[in-house]
Each structure stands twice: as structure tokens, then as C-alpha cells.
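Residue-level listing of the chains:
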Amino acid sequence: MLLFYVRHGDPIYSPDGLTEQGKAQAEALKYRFKKYGLDEIYSSTSNRAYLTAKPTADYLGKDVTMLEWCHEGLCWKELTVEKDGERHWLFHNAEWVKKMNEEIIKNGGERWYDAPDFKDHSFKNCIMRIERETDEFLASFGYVHNRQGKFYSAAKRNEKRVALFAHQGFGLAFLSAVLDVPYPVMCTRFDLGHSSVTTIDFTEEGEFIIPKVLQLANDSHLYKENLPTKYNNRIEF
């Protein structure tokens, strides 16, 4: 199986939607996925994620299955901290990034949420929920996750191409759960641009499967359609 994780296009957060640039990014994605096709398309229940998925689904003649557990609002309640009267993602707050990196140094980030600075927050509940729901999602395709051993076994053969359209904040936790990469490592060292595509290969090799990232936050569809390629409207490269 190939799993494509797609962040929504350039957003309007209130009301929930896409800018004109975000709509153009969503249109570019449909041409990207047209070349090889998709078997199933999933989306967060947020409007910005659905609007990013819809052009691809319409172009390929597929339905979009909505997944409430992927909605970023759930993570926003539990993986954010307050500073100067405003809430920020953990990975956007320098103080908490430093704390997470200290946990990486101490124990590689394993069970980081039980450390003294973290245990009185809701981080653990959120991470464990996403891990559980991610495992259930992948099990529906026949991939059974052994979290202790950090590998998957295949209950049935699967050669599907599956896309999930969702978010940045949720996505970093989701990819952490899929790949067995500790969240402090994932969220402080990797990121997802608008409409970017992360491709994960679940090819069976022997008795177990370790999913491999073939592309992380790829935006080649933007280059193909001559659209702006600034990372989150900030950095041009």
C-alpha cells in the first residue's frame, strides 16, 4: 500500500476555508493524483481539508470519506500551550521546543509526556488517542501495528493507493504515530507545507513491515502548475 498524507491548501481559518491560492493548490493536486490514481480518499472533517480533497475526488470519480478524529481542532485543545494570552503549538514555542529537545537527549523522546514538565498537561492523552486511532485506521487496510516492536504485520495483502487530506498540527502527530518516530523528534525537525504530499510505502518485506517515507512534504505539483512555492508563504526555495 502507498499512503499519501496531504496537508490542506493555503487556509482561511475563520471562517474555515481556502484562499484563492489554496484553491489553486487543490486543483494542482488533482493533476498530480490523476497520473497514477487513488483507490480511496479520506479527509478531516474540517472544511479546508475537504475543499483540498474535493477537486481530486471529483476528477477521479471517488467519494471522500470524512474522519472526525483527524480534525485539527481536537489536537489544538491538547497539543498547544499559552504564551502572552495566546495559544501556540508546542513546536511553535521556543521554550517548549527546548524542553522537548532535552527529552530527546535524555531518552530519545520515548514517553516524553511523562517527564515532569509535561505530565500535568494533556499532551499524553492526545498522543495516545492519535496512536490508537491511527492504528485502527491502518488495521482497516490489513496492517497490524506492533508498537513495542515498532513494526507492522500484514493481515491481508494490500496494494491500494490511499490519500488522507488533513492538517499540519495533526499531521505531525499522525506521522509520528505511523512511523514510530517520537513526537518531539517529528514536530521539531520536520514540517508540512500547504498542499504538500508525504508518501509512505507499506511494501511487505519478509515477516514484518516497516513503513518507509518515499517523499516528505513534496510540492512538485506546484512547480508543475507554475504556482508560488513559498513554504507556508514565508520562505522561497
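Residues numbered from 1 in each chain as written. Predicted model: local features only at pLDDT ≥ 70, side-chain atom pairs only at ≥ 80, totals over all residues. Heavy atoms only, no water.

## Side note on helix α5 (residues 123-139)
Point 1. For α5, which comprises 17 residues, the first-to-last C-alpha distance of 24 Å matches the rise-based estimate of 24 Å (1.5 Å per residue) to within 8%.
Point 2. Of the positions making up α5, those classed as buried are F123, C126, I127, R129, I130, E133, T134, D135, F137 and L138. (Helix = DSSP H or I, 4+ residues; strand = E, 2+ residues; numbered from the N terminus. Expected span 1.5 Å × (residues − 1). Buried < 20%, exposed > 50% of the residue type's maximum accessible area, 1.4 Å probe, protein only.)

## Remarks on a nonpolar patch on the surface
Point 1. Nonpolar side chains collect at one region of the surface, where F190, V213 and L216 lie side by side and expose about 210 Å² of accessible area between them.
Point 2. Along the polypeptide, F190 turns up in the loop between α7 (183-189) and β11 (197-201).
Point 3. Judged by its relative accessible area of 35%, F190 falls in the partly exposed class. (Patch = residues over 30% accessible without salt bridge, like charges linked within 9 Å, V, L, I, M, F, W, Y side chains within 5 Å. Areas by Shrake-Rupley, 256 points an atom, 1.4 Å probe, with all protein chains shown as cover. Salt bridge = Lys/Arg side-chain N within 4 Å of Asp/Glu carboxyl O.)

## Considering the pattern of salt bridges
Point 1. This model, assessed by the stated rule, comprises 18 salt bridges.
Point 2. A salt bridge links E82 to R87; the nearest nitrogen and oxygen atoms lie 3.7 Å apart.
Point 3. Residue classification places R87 among the partly exposed residues on the basis of a relative accessible area of 36%.
Point 4. Note that D114 and R111 form a salt bridge whose closest N and O atoms lie 2.7 Å from each other.
Point 5. Shared partners join several salt bridges into a network, and the residues in it are D16, R48 and E72.

## A look at the state of the cysteines
Point 1. A complete count under the given rule lists zero disulfides for this structure.
Point 2. A disulfide-free cysteine, C126 has its sulfur positioned 4.0 Å from the sulfur of C75, the nearest such atom.
Point 3. When its relative accessible area of 0% is taken as the criterion, C126 is described as buried.
Point 4. Cysteine C187 shares no disulfide, and the gap to the nearest cysteine sulfur, in C126, comes to 11 Å.
Point 5. Overall, the relative accessible area of 4% leaves C187 in the buried class. (Disulfide = S-S within 2.5 Å.)

## Concerning the packing of aromatic side chains
Point 1. The full count for this structure, using the stated rule, is 24 aromatic pairs.
Point 2. Where F118 meets F123, the ring centres are 6.1 Å apart and the plane angle is 65°; that geometry is what we call edge-to-face. Taken as a pair, F118 and F123 share a single burial class, namely buried.
Point 3. The aromatic ring of Y59 is capped on one face by K30, whose charged end is 5.0 Å from the ring centroid. (Phe/Tyr/Trp six-rings, centres within 6.5 Å; stacked < 30°, edge-to-face > 60°. Lys NZ or Arg CZ within 6 Å of the ring centre and 35° of its normal.)

## Describing the nonpolar core
Point 1. By size, the foremost hydrophobic cluster in this structure holds 46 residues, and its most contacted members are F174, Y183 and F202.
Point 2. At the level of elements, β1 (2-7), α4 (94-107), α5, β10 (161-166), α6 (169-179) and α7 are the ones that each hand at least two residues to this core.
Point 3. Looking at this core, the element that brings in the most residues is α6, giving eight residues.
Point 4. Excluding residues within four positions of it along the chain, Y183 makes contact with L79, L90, F91, M100, W112, I127, L172, A173 and S176. (Core = buried A, V, L, I, M, F, W, Y, C linked by side-chain atoms within 4.5 Å. Contact = heavy atoms within 4.5 Å.)

## Focus on unusual backbone geometry
Point 1. Residues S14 and P15 are joined by a peptide bond in cis, for which omega reads -5°.
Point 2. Checked against the element boundaries, P15 lands in the loop between β2 (11-13) and β3 (16-18).
Point 3. Of note, the phi angle at N226 is positive, near 55°, even though the residue is not glycine.
Point 4. The exposed category is assigned to N226, whose relative accessible area is 69%.

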